[in-house]
Amino acid sequence: MKIAINLTREYIGGITSSNINLINHLYGQDYDLLGIELNARMYMKGPIIFRNFAPEVFDHHIINVHDLPIMDVLKKSKTLKDVERRYKESISIMRCILKKEKPDVVLLSGSHYAPWLMSVAAKREKIPIVLWYSGVLSMETGHYSKKVRNIFQAMEKSLVARAFRIVFPSKLCKDLVETTVTKKKIKKSHIIPNPIANIFTDPCAVEYSNERKIAAVGRYSKIKNFDRFFELHRVLLQRGWNHTASFVTNPESNFNNKPKTIEIVPPTNWEGLKKFYLSQGLIICPSDFETFGNVPMEAACLGIPVLVSDKMGCAEILKKVGLLNMVISFSDIEKVANRVQELCGQSIEPKQLNALKRVLDYRSVSESIREVLQSACRRVCVKKVPILEK
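The structure reproduced in this document is the subject of the present report. Keep in mind it's a predicted model, so treat the numbers as computed, not measured.

Focus: helix 8 (residues 171-180)
Cys 173, Lys 174, Leu 176, Val 177 and Glu 178 are the residues of helix 8 that are buried. Packed against the buried residues of helix 8 are helix 6 (137-140), strand 6 (165-168) and strand 7 (189-191).

Quick notes on the sheet that holds strand 4 (residues 105-109)
Within a sheet, each strand pairs with its neighbour through backbone hydrogen bonds, oriented either parallel or antiparallel. The sheet built from 7 strands is open, its strands ordered 3-2-1-4-5-6-7 with parallel pairing. Edge positions in the open sheet fall to strand 3 (58-64) and strand 7, since each of these has one partner strand only. If you compare each strand with its neighbour and ignore which way they point, the axes differ by 20° on average. As paired strands, strand 4 and strand 5 (residues 129-132) are joined by 4 bridges and run parallel to one another. Paired with Ser 109 across the two strands is Trp 132, which belongs to strand 5. Taken strand by strand, helix 5 (residues 113-124) contacts strand 1 (2-6), strand 2 (32-39), strand 4 and strand 5, and its axis lies near 165° from that of strand 4.

Description of the side chain of Arg 370
Mapped onto the elements, Arg 370 comes out in helix 16 (residues 362-384). For Arg 370, a relative accessible area of 15% corresponds to the buried category.

Regarding the pattern of salt bridges
Side chains that differ in sign of charge can pair as their charged atoms come close. The full count for this structure, using the stated rule, is 16 salt bridges. Taking the shortest distance from any N to any O, the salt bridge between Arg 363 and Asp 202 comes out at 3.3 Å. One end of the pair, Arg 363, is in helix 16; the other, Asp 202, is in the loop between helix 9 (198-201) and strand 8 (213-217), and 161 residues separate them in sequence. The exposure class of Arg 363 is partly exposed, given its relative accessible area of 35%. Classification of Asp 202 as partly exposed rests on a relative accessible area of 28%. Among the ionic pairs, Arg 228 bridges to Glu 231, the shortest N-O distance being 2.6 Å. Here Arg 228 pairs with Glu 231, and both are found in helix 10 (residues 226-238), just 3 residues apart, close to one helical turn. Here Glu 231 falls in the partly exposed class, since its relative accessible area comes to 30%.

The rules behind each value
Residues numbered from 1 in each chain as written. Predicted model: local features only at pLDDT ≥ 70, side-chain atom pairs only at ≥ 80, totals over all residues. Heavy atoms only, no water. Buried < 20%, exposed > 50% of the residue type's maximum accessible area, 1.4 Å probe, protein only. Helix = DSSP H or I, 4+ residues; strand = E, 2+ residues; numbered from the N terminus. Contact = heavy atoms within 4.5 Å. Pairing = 2+ DSSP bridges. Axes fitted to C-alpha atoms, helices over the stretch in contact; angles between N-to-C directions. Salt bridge = Lys/Arg side-chain N within 4 Å of Asp/Glu carboxyl O.

What follows is the structure, encoded as structure tokens:
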């Protein structure tokens with residue numbers, strides 16, 4: 001079976017992490033992988049994170065759209081059809097790749113414009129699509145103008161409609177999509193948590209930090225709510241609770257009201273992230289909404305305590321393994337500060353840690369994804385078999 005996947009290359013991004021884990025699981029088995037990356041940069045370094053995959057098994061294509069920034073395109077468009085016309089050449093290139101490589105199924109991660117464009121190409125080439133949800137576009141674009149929001153909502157709805165099967169990383173995500181996007185129940189769907197790489201789940205000898213170090217990791221955006229992390233840091237300082245605070249993110253981000261006492265740390269690879277997690281006393285994730293949340297699960301699988309918003313999909317996993325105290329509403333900052341002081345520097349009990357690793361092990365999770373892909377391919381293939389007359 002040949003699987004086409006839309007690729008990203010951000011180390012701290014959930015899509016990149018989940019895709020790499022799936023590729024690692026399928027690599028060496030009887031699968032061919034076709035990666036298509038839509039890149040909005042004029043300049044970029046080579047994709048280091050994919051270099052260890054042999055080109056005869058993992059075929060990587062990059063389409064540059066630096067001349068068509070999505071927000072510029074949206075400003076000049078009235079409808080989703082206008083957006084499609086502006087990306088006509090990119091869609092055509094994708095169609096040519098798909099026509100030549102002939103994948104049996106297309107796995108689309110995320111709901112933004114790149115997977116949407118690939119869904120247009122795949123639909124026209126009559127290739128079955130499996131949508132692996134990561135980010136609900138209707139939620140993440142709520143702060144834009146009404147026109148832009150409407151186009152993004154239409155984009156997400158059309159992407160969902162083209163999918164033969166949909167994989168949700170949490171019940172929270174599925175419920176929200178059914179409520180805000182489709183406005184009806186989605187039957188051909190599966191709830192499968194995001195996989196966590198073995199660098200975070202495999203047994204290893206570690207020394208935990210008992211220092212008062214708190215940190216946040218992720219893309220600086222409105223829905224990630226990292227301004228709340230900044231506020232939390234101030235409250236803790238006002239209480240006289242001496243600590244250090246770090247934020248792993250793009251240093252070029254335009255921060256709002258970031259305290260000078262918070263250190264900005266550039267994104268790094270998994271090995272670098274592992275060392276960073278292990279140096280911290282608590283990882284904090286204050287998102288207003290997140291379909292899952294790979295970052296806190298990576299840290300938790302190393303035994304590092306986390307504190308996540310109750311509006312994150314990974315909260316379901318923490319509750320399931322008995323770590324309810326690591327889930328909280330970030331609406332009351334004083335209560336959050338109390339919980340931070342309780343959790344910072346603690347470690348996760350072996351029983352809970354082992355349960356967490358079993359649920360999130362990339363091999364078992366990726367095997368579940370593989371079964372969905374196989375099912376989508378098989379169903380379509382069966383339909384193509386002609387009925388022989390007796």
